[in-house]
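Here's the letter readout for the chains.
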Amino acid sequence: KPAVEVIDGGAARVIKTAAFTGNRRIATASIWPKGYAGWAVFRELVQSPDGTLGSAFVPEMIPRCGDTAALQFKALEGGATGDGRAVRLEAPEGRASAALSPLPPDARIRLRVEGATGPLTLNLRASEADPRGNEIRIVPAERRVAVTGAAKLADVDGLDRPFTMDIVLKDRILDLCVNGHRTLVSWGGEAKGDRMILSVEKGRVACDAIEVRPLQ
């Protein structure tokens with residue numbers, strides 16, 4: 001069997017697939033945070049050269065968004081530099097972090113990650129009172145991506161090379177796509193802050209092409 005035999009994560013339940021126009025295939029699952037039934041989640045199946053399957057957002061179903069938000073950069077600790085579109089973090093020891101704000105309550109967030117040599121954390125809807133917010137943790141050395149609530153992806157290829165992150169925040173749903181090939185949906189906490197905090201531990205990382213747009 002392939003190393004990755006599950007589409008999405010544990011929160012995407014009872015996935016079924018069906019043929020779609022243009023020789024494409026769509027998968028549908030459900031999120032059940034409070035018992036049976038809840039929200040439908042749609043994925044497009046994508047195939048690697050070796051024939052194994054991954055998943056991506058369905059382009060036609062990505063929520064409509066408003067104009068790109070103007071983000072303010074603030075260094076928080078360690079070696080952090082940047083602006084509202086790019087952040088550089090370097091922490092030979094300890095941790096480096098920076099905040100971007102204001103983050104709309106419901107938003108689509110896209111960025112490119114390069115040169116991550118230590119665990120990278122994105123805290124979404126964070127505040128000074130709750131700096132953790134809804135947390136995405138990427139560990140390149142372990143090929144792992146995890147989200148608040150124990151949702152995780154294992155055996156994620158390409159984290160040691162430049163890769164993209166596409167994230168949708170809607171109410172308490174946090175939905176993400178890594179490099180257009182692996183998706184993970186989760187039911188987040190009650191975080192209501194307006195900051196996105198990026199941090200790295202005992203390493204360095206560059207995040208650029210950062211774009212945040214409010215959902216319409």
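For the structure, check the block above.
(A) Just the overall build of the protein chain, in detail. Helix and strand content of the protein chain: zero helices and 16 strands. In terms of overall size, the protein chain behaves like a compact globule, its C-alpha atoms giving a radius of gyration of 17 Å where 216 residues would be expected to give roughly 17 Å. Viewed in the frame of its principal axes, the protein chain has a C-alpha envelope of about 50 × 35 × 30 Å. Here the protein chain holds 216 residues, and the buried ones make up 47% of them. Carbon and sulfur atoms provide 50% of the accessible area of the protein chain, an area that totals close to 10,900 Å². The protein chain carries 30 positive and 27 negative side-chain charges, and their two centres are separated by 4 Å.

(B) Fine view of the sheet that holds strand S3 (residues 39-47). Strands sit in the order S1-S2-S3-S4 across an open sheet of four strands; the sheet is antiparallel. With one partner strand each, in any of the chains shown, strand S1 (13-20) and strand S4 (53-56) form the two edges of the open sheet. The mean angle between the axes of side-by-side strands here comes to 35°, regardless of whether they run parallel or antiparallel. In this sheet, strand S2 (residues 24-31) lies alongside S1 in antiparallel orientation, the contact comprising six bridges. Considered in S2, the bridge of Ala19 is made with Arg25.

(C) How the structure looks around the packing of aromatic side chains. One pass over the structure, following the stated rule, counts two aromatic pairs. Aromatic side chains Trp32 and Tyr36 sit 4.9 Å apart centroid to centroid with 55° between the ring planes, which places their arrangement in the tilted category. When the ring of Trp39 is compared with that of Trp187, the centres are 5.1 Å apart and the planes differ by 35°; the resulting orientation is tilted. Note that Trp39 is positioned in strand S3 and Trp187 in strand S15 (residues 182-187), a separation of 148 residues in sequence. On the basis of relative accessible area, Trp187 is assigned to the partly exposed category, the value being 23%.

Reading guide: rules and limits
Residues numbered from 1 in each chain as written. Predicted model: local features only at pLDDT ≥ 70, side-chain atom pairs only at ≥ 80, totals over all residues. Heavy atoms only, no water. Helix = DSSP H or I, 4+ residues; strand = E, 2+ residues; numbered from the N terminus. Rg over C-alpha atoms; globule rule 2.2 N^0.38 Å. Buried < 20%, exposed > 50% of the residue type's maximum accessible area, 1.4 Å probe, protein only. Areas by Shrake-Rupley, 256 points an atom, 1.4 Å probe, with all protein chains shown as cover. Lys, Arg positive; Asp, Glu negative; His and termini not counted. Charge placed at Lys NZ, Arg CZ, Asp CG, Glu CD. Pairing = 2+ DSSP bridges. Axes fitted to C-alpha atoms, helices over the stretch in contact; angles between N-to-C directions. Phe/Tyr/Trp six-rings, centres within 6.5 Å; stacked < 30°, edge-to-face > 60°.

This is a description of form; function is not addressed.
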